[in-house]
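So you can see what is in the structure, the chains are spelled out below.
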Amino acid sequence: GQQVQQSPASLVLQEGENAELQCNFSSTATQLQWFYQSPGGSLVSLLSNPSGTKHTGRLTSTTVTKERRSSLHISSSQTTDSGTYLCAIVLGYKLTFGTGTSLLVDP
Amino acid sequence: NAGVIQTPRHKVTGKGQEATLWCEPISGHSAVFWYRQTIVQGLEFLTYFRNQAPIDDSGMPKERFSAQMPNQSHSTLKIQSTQPQDSAVYLCASSVDWGSSYEQYFGPGTRLTVL
């Protein structure tokens, strides 16, 4: 079965609204990374957060390792936040990715 | 720091032709990874080098695909006799070292289209 599941699959927001993205994983992960991918663009690492809460700019990630879940909160969304957000866990040394959340922020 | 460099950015081949994709990892990084991204399968691990040595190629299709790292500054992914199902974005990543505590940094990818 899918080792990393993300929800929702897609999300549409008005600019200024907040977004909450979820990631659930089936294996014990020693590392968890959130990535952003713009349409047709590169994969950019946003946060590494194996446990606890981390902030960077308008992004907050909370990972509860024992419950095998992580969330990514985007505050005050902007149109430039539109794209795909991917959660990935590290199993050994290789990243296993979820299927992503496609975010569209309308002006 | 230029980041991970991948060339070409786009490649179009005819069915049955060979395709070679290049990756230059971030200087000083000892681990290099190749992944493939398709709409259907998402992002999948292909292979991994540590200090230029092949460590794990469990994600590589058994036929037609090969990867090498002849020196610390570049790695190649070669696909022989390309097929339409090989069409995908091929991503290279590097990290300072192996292991779960090290972040992987991705290149822009090579979009391969097999006609």
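Everything below is about the structure shown above.
Residues numbered from 1 in each chain as written. Chains lettered and ligands numbered in written order. Predicted model: local features only at pLDDT ≥ 70, side-chain atom pairs only at ≥ 80, totals over all residues. Heavy atoms only, no water.

Asks: Where do I start with the overall build of chain A in this structure?
Replies: Looking only at helices and strands, chain A features 0 helices and 11 strands. In terms of overall size, chain A behaves like a compact globule, its C-alpha atoms giving a radius of gyration of 13 Å where 107 residues would be expected to give roughly 13 Å. Along the three orthogonal principal directions, the C-alpha set of chain A runs to about 40 × 25 × 20 Å. Buried positions account for 45% of the 107 residues belonging to chain A. At a minimum sequence separation of 6, the contacts of chain A that also span at least 24 residues come to 54%. With the model as given, the accessible surface of chain A reaches about 4800 Å², and the carbon-plus-sulfur share is 49%. (Helix = DSSP H or I, 4+ residues; strand = E, 2+ residues; numbered from the N terminus. Rg over C-alpha atoms; globule rule 2.2 N^0.38 Å. Buried < 20%, exposed > 50% of the residue type's maximum accessible area, 1.4 Å probe, protein only. Contact = heavy atoms within 4.5 Å. Areas by Shrake-Rupley, 256 points an atom, 1.4 Å probe, with all protein chains shown as cover.)

Asks: How do you make sense of the interface of chain A and chain B when you look at a structure like this?
Replies: For an interface, size is often stated in terms of accessible area lost upon the parts coming together. Contacts between the two partners involve 16 residues from chain A, matched on the other side by 18 residues from chain B. For the pair chain A and chain B, the two sides together bury roughly 1500 Å², of which 53% comes from carbon and sulfur. Among the residues of chain A in contact with chain B, Leu43(A), Tyr93(A) and Lys94(A) are the three that bury the most area, contributing 39% of the side total. Connecting chain A to chain B are 1 salt bridge. Between Asp56(B) and Lys94(A) there is a salt bridge whose closest N-O contact spans 3.2 Å. Taken together, chain A and chain B are joined by 9 residue pairs in polar contact (both at pLDDT 80 or more). (Buried area = accessible area lost by both parts, 1.4 Å probe. Salt bridge = Lys/Arg side-chain N within 4 Å of Asp/Glu carboxyl O. Polar contact = N/O pair within 3.5 Å; in protein donor to acceptor, adjacent residues only side chain to side chain.)

Asks: I keep staring at the packing of aromatic side chains and nothing clicks. Help me out?
Replies: Aromatic ring pairs: the centre-centre distance and the angle between the two ring planes describe each pair. Under the criterion given, the structure shown has 11 aromatic pairs over all chains. Taking 5.4 Å as the distance between ring centres and 90° as the angle between the ring planes, the aromatic pair formed by Phe35(A) and Phe106(B) counts as edge-to-face. Taken together, the residues span two chains, with Phe35(A) in strand S4 (residues 32-37) and Phe106(B) in strand S10 (residues 105-106). This pair shows no difference in class: Phe35(A) is buried, exactly as Phe106(B) is. Note on Phe65(B) and Tyr90(B): the rings are 6.5 Å apart at their centroids and 40° apart in plane angle, and the pair reads as tilted. In this pair, Phe65(B) sits in strand S7 (residues 65-71) while Tyr90(B) sits in strand S9 (residues 88-95), placing the two residues 25 residues apart along the sequence. Both residues of the pair, Phe65(B) and Tyr90(B), count as buried. Counting every residue linked through ring pairs, the aromatic cluster contains Phe35(A), Tyr93(A), Phe97(A), Phe33(B), Tyr35(B), Phe45(B), Tyr48(B) and Phe106(B). (Phe/Tyr/Trp six-rings, centres within 6.5 Å; stacked < 30°, edge-to-face > 60°.)

Asks: It is not clear to me how the environment of Ile55(B) should be interpreted in this structure. Could you clarify?
Replies: Within the secondary structure, Ile55(B) sits in strand S6 (residues 53-56). Note on Ile55(B): relative accessible area 45%, which makes it partly exposed. Those residues within four positions of Ile55(B) in sequence are excluded, and the remaining contacts are Tyr93(A), Tyr48(B), Phe49(B) and Arg50(B).

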